[in-house]
Amino acid sequence: MEYTMDVFFRQTWVDKRLKYEGPVEILRLNNLMVTKVWTPDTFFRNGKKSVSHTMTAPNKLFRIMRNGTILYTMRLTIIAECPMRLVNFPMDGHACPLKFGSYAYPKTEIMYSWTKGPDQSVEVPEESSSLVQYDLVGQTVSSETVKSITGEYIVMTVYFHLKRKMGYFVIQTYIPCIMTVMLSQVSFWINKESVPARTVFGITTVLTMTTLSISARHSLPKVSYATAMDWFIAVCFAFVFSALIEFAAVNYFTNTIVIKGKMNASNVCSQPQSSSAQKLKDDEETIQKVDTNSNLRKRVNCAVQPDSLKGMKVQQRSNNDATTKVSVAGQMHSAVAIQNTSKSDVNPFSSFGNSNQETCTPSVPPSTPTLDNQDPEHSKTGITNLHHLLGAKLQHIQAVSSSSEQSAEISSTSSVPPVKPLPASSNSGTSIIDKYARILFPAIFGVFNMLYWIVYLSKNTMEKKIDPG
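Just so it is clear, the model here is predicted, and its values are computed rather than measured.

What counts, and where the lines are drawn
Residues numbered from 1 in each chain as written. Predicted model: local features only at pLDDT ≥ 70, side-chain atom pairs only at ≥ 80, totals over all residues. Heavy atoms only, no water. Helix = DSSP H or I, 4+ residues; strand = E, 2+ residues; numbered from the N terminus. Buried < 20%, exposed > 50% of the residue type's maximum accessible area, 1.4 Å probe, protein only. Contact = heavy atoms within 4.5 Å. Areas by Shrake-Rupley, 256 points an atom, 1.4 Å probe, with all protein chains shown as cover. Axes fitted to C-alpha atoms, helices over the stretch in contact; angles between N-to-C directions. Parallel < 35°, antiparallel > 145°, perpendicular 65-115°, else oblique. Left-handed = near helix turned anticlockwise from the far one by under 90°. Nonpolar A, V, L, I, M, F, W, Y, C, P; charged D, E, K, R; others polar. Polar contact = N/O pair within 3.5 Å; in protein donor to acceptor, adjacent residues only side chain to side chain. Phe/Tyr/Trp six-rings, centres within 6.5 Å; stacked < 30°, edge-to-face > 60°. Expected span 1.5 Å × (residues − 1). Pairing = 2+ DSSP bridges. Disulfide = S-S within 2.5 Å. Core = buried A, V, L, I, M, F, W, Y, C linked by side-chain atoms within 4.5 Å. 1 Å grid on protein atoms, 1.4 Å probe; cavity = no way out; pocket = protein on both sides within 12 Å on 5 of 7 lines; lining within 4 Å. Points joined across faces, edges and corners; volume = space filled by probe spheres on them. pLDDT = per-residue confidence, 0-100. Salt bridge = Lys/Arg side-chain N within 4 Å of Asp/Glu carboxyl O.

A count of helices and strands for the protein gives nine helices and nine strands. Out of the 469 residues in the protein, the part that is buried amounts to 34%. Restricting to contacts in the protein with at least 6 residues of sequence separation, those with at least 24 account for 80%. Approximately 29000 Å² of the protein is accessible, and the part contributed by carbon and sulfur atoms is 59%.

Encoded structure:
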């Protein structure tokens, strides 16, 4: 770093060759006389550029006293180098030196000393103690000896202690960063289903922090280490980015809970369907057993009277009225319905009113359609003979048929049980992660700010004097 300053540089030395006696105590000579006498070859060791003002005339003053003391004053603008370590930027302070001494004369030939002592030799006007970015908190002087190959030289040093003003950086960087972090934490109070709104919050705040970081780096030199402002911006950026990651976690776990709820609901729906299918299969087996018993009874009767086989075709036409109507809906989702009511019960045998002739009628398969134009008198006669022949067996078959109908009706009425609703936490618009983030994020950010400002404002950030090697 470098700094520029205007200096009224005054030098005094004694040249015994210029003693005089007379009424005039001080000779006020023109600045052109400076070239006629010997002057010290003082130069600024850490100066990059020095300018002697010549408008409207050379800004120099030359005086000779009676005892040969010479006063030589000039006005200079000096651009000097100031080594700065910006670790505490922008709460930093620096001691900028101004070093001067003889260029050609070693300390054996010329000696430098402060005219008014270390405390009053350097005077800074009060109006010059306040700068744009710094406050001049004081100045100190020192002198040291520097060794070189040509000898040892006296070096006079003035340290100007500068303290950086923070107002500009607080307004331009710190407050916007704090507001951006607070804005990113507002997204925790937005419903988790509002994905576009929360996404815009996260991305916008991240881009804003990136812009603030870039603009902050433009206000200081490109140093290889992190400054106090860099740490603050980095922590703010971490908070903003964490808010975006927090929403990603909330969205992920919300979708996971919804998917698990749908899978549980589908499993609950599939279990009643499998149980109803098993009941339907059991009912079909019951009807098949009933049909098998009736066919067995037919075969027995056919063996008793084989002579009745001659009129089988005629008897089949007349016995169609007493044929058992069994309708099995094996491929339908509804319950099994047996259509053997009072008009046509399970009737494996059919006979006419003539008791001397008994014929065997083969059983009608379940898929065989029944005739609608049946004679009611023949039907009643067949039913009476069936009760006379079967007795208790027929009652048992009818009881089995009625029980299968009741079980089918119960299975149809007790259909799929209601699906349990999802937990309230999964349907709610607030995630438990958001609830914790609403408390933890502001609390941690507040603690960080408190510690940050206490540490940097209470510590002595003024750089120590760097002694030359």
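Here the narrative resumes, following the displayed structure.
So, on to the packing of helix α2 (residues 167–186) against helix α3 (residues 195–217). Closest axis-to-axis distance for the α2/α3 pair is 9 Å, and the angle between their directions is 170°. On the basis of their axis angle, the class for α2 and α3 is roughly antiparallel. Our pair here, α2 against α3, has a crossing hand that is left-handed. Along its contact with α2, which presents Gln172, Thr173, Pro176, Cys177, Thr180, Leu183, Ser184 and Val186, the element α3 presents Phe201, Thr205, Thr208, Met209, Leu212 and Ala216. The residue makeup of the contact of α2 with α3, split by class, is eight nonpolar, six polar and no charged.

Mapped onto the elements of the fold, serine 187 is located in the loop between α2 and α3. A residue is classified by how much of its surface remains accessible, and serine 187, at 5% relative accessible area, is buried. In terms of polar contacts, serine 187 uses its side chain to reach the backbone carbonyl oxygen of serine 184, at 2.7 Å. Residues in contact with serine 187, not counting those within four places in the same chain, are Arg198 and Phe201.

In this description, an aromatic ring pair is defined by two values, namely the gap between the centres and the angle between the planes. Using the criterion set out here, one finds 25 aromatic pairs in the structure. Plain terms: the ring middles of phenylalanine 239 and phenylalanine 441 are 6.3 Å apart, the flat faces sit at 75° to each other, and that makes the pair edge-to-face. Remark: phenylalanine 441 occurs in helix α9 (residues 432–458) and phenylalanine 239 occurs in helix α4 (residues 228–304); sequence separation between them is 202 residues. Of the two residues, phenylalanine 239 and phenylalanine 441, neither departs from the other in class, the shared state being buried.

A rise of 1.5 Å per residue sets the reference length of α9, with its 27 residues, at 39 Å; its end C-alpha atoms lie 39 Å apart and thus fit the reference within 8%. Those residues of α9 lying buried are Asp434, Ala437, Arg438, Phe441, Phe445, Phe448, Asn449, Tyr452 and Tyr456. Between a side-chain oxygen at the N-terminus of α9 and the backbone nitrogen of isoleucine 433 the separation is 3.2 Å; the capping residue is serine 431.

Sheet strands pair via backbone hydrogen bonds, and the direction of the pair is either parallel or antiparallel. Taken together, four strands build an open sheet; the order of strands is β3-β7-β9-β8 and the sheet is antiparallel. Every other strand in the sheet has two partners, leaving β3 (42–44) and β8 (134–148) as the edge strands with one partner each. Direction aside, neighbouring strands of the sheet carry axes that sit 25° apart on average. In the sheet, strand β7 (residues 93–102) pairs with strand β9 (residues 151–164) via nine bridges, with the strands oriented antiparallel.

Looking now at the state of the cysteines. Each disulfide is one covalent bond, formed between the sulfur atoms of two cysteines. In the structure shown here, the tally under the stated rule is one disulfide. Looking at the unpaired cysteine 177, the closest cysteine sulfur is the one in cysteine 236, lying at 4.9 Å. Assessed through its relative accessible area of 0%, cysteine 236 is described here as buried.

Here we come to the pairing of β7. Most of β7 sits out of view: ten of its ten residues are buried. Strand direction decides the pairing type here: β3 and β7, joined by three bridges, are antiparallel. The residue bridging phenylalanine 44 from the neighbouring strand is phenylalanine 100, located in β7.

With that settled, consider the packing of α2 against α9. Contact pair α2 / α9: the axes reach a minimum separation of 10 Å and the direction vectors enclose 165°. It follows from the interaxial angle that α2 and α9 lie roughly antiparallel. Helix-helix and strand crossings are classified by hand; for α2 and α9 the assignment is right-handed. In this structure, α2 uses Tyr174, Ile178, Val181 and Gln185 to contact α9, whose residues at the interface are Phe441, Pro442, Phe445, Asn449, Tyr452 and Trp453.

With 59 residues, the main nonpolar core has Tyr3, Ile78, Leu98, Phe160 and Tyr452 as its most contacted residues. Per-element accounting of this core gives the leading share, eight residues, to α4. Excluding residues within four positions of it along the chain, phenylalanine 160 makes contact with Tyr3, Met5, His94, Ala95, Cys96, Leu98, Val122, Val124, Leu136, Gly138 and Gln139.

Now for α3. Between its terminal C-alpha atoms α3 stretches 34 Å, which fits the 33 Å expected from 23 residues at 1.5 Å a residue. Looking only at α3, the buried set comprises Arg198, Gly202, Thr205, Val206, Met209, Leu212 and Ala216.

Our focus in this paragraph is the layout of surface pockets. Considered as a void within the structure, the largest pocket measures approximately 1500 Å³ in volume. Every residue lining the largest pocket is counted, 43 residues in all, and those nearest its centre are Val7, Phe8, Phe9, Ser121 and Val122. Those elements giving two or more residues to the lining of the largest pocket turn out to be β1 (2–14), β7, β8 and β9. With twelve residues, the top contributor of residues to the lining of the largest pocket is β1. In terms of residue class, the lining of the largest pocket is made up of 29 nonpolar, nine polar and five charged.

Before going further, it helps to spend a moment on the confidence of the model for the protein. For the protein, per-residue confidence averages 75 on the pLDDT scale, and 64% of positions sit at 70 or higher. Contacts for the low-pLDDT stretch residues 290–381, under 50 throughout, to residues beyond four places or in other chains number 119 contacts.

For side chains bearing opposite charge, pairing can occur when the charged atoms are close. On inspection of all chains with the given rule, the structure shows ten salt bridges. The residue glutamate 2 makes a salt bridge to lysine 48 at a minimum N-O spacing of 3.0 Å. Note that glutamate 2 is positioned in strand β1 and lysine 48 in strand β4 (residues 47–52), a separation of 46 residues in sequence. Overall, glutamate 2 belongs to the partly exposed group, its relative accessible area being 46%.

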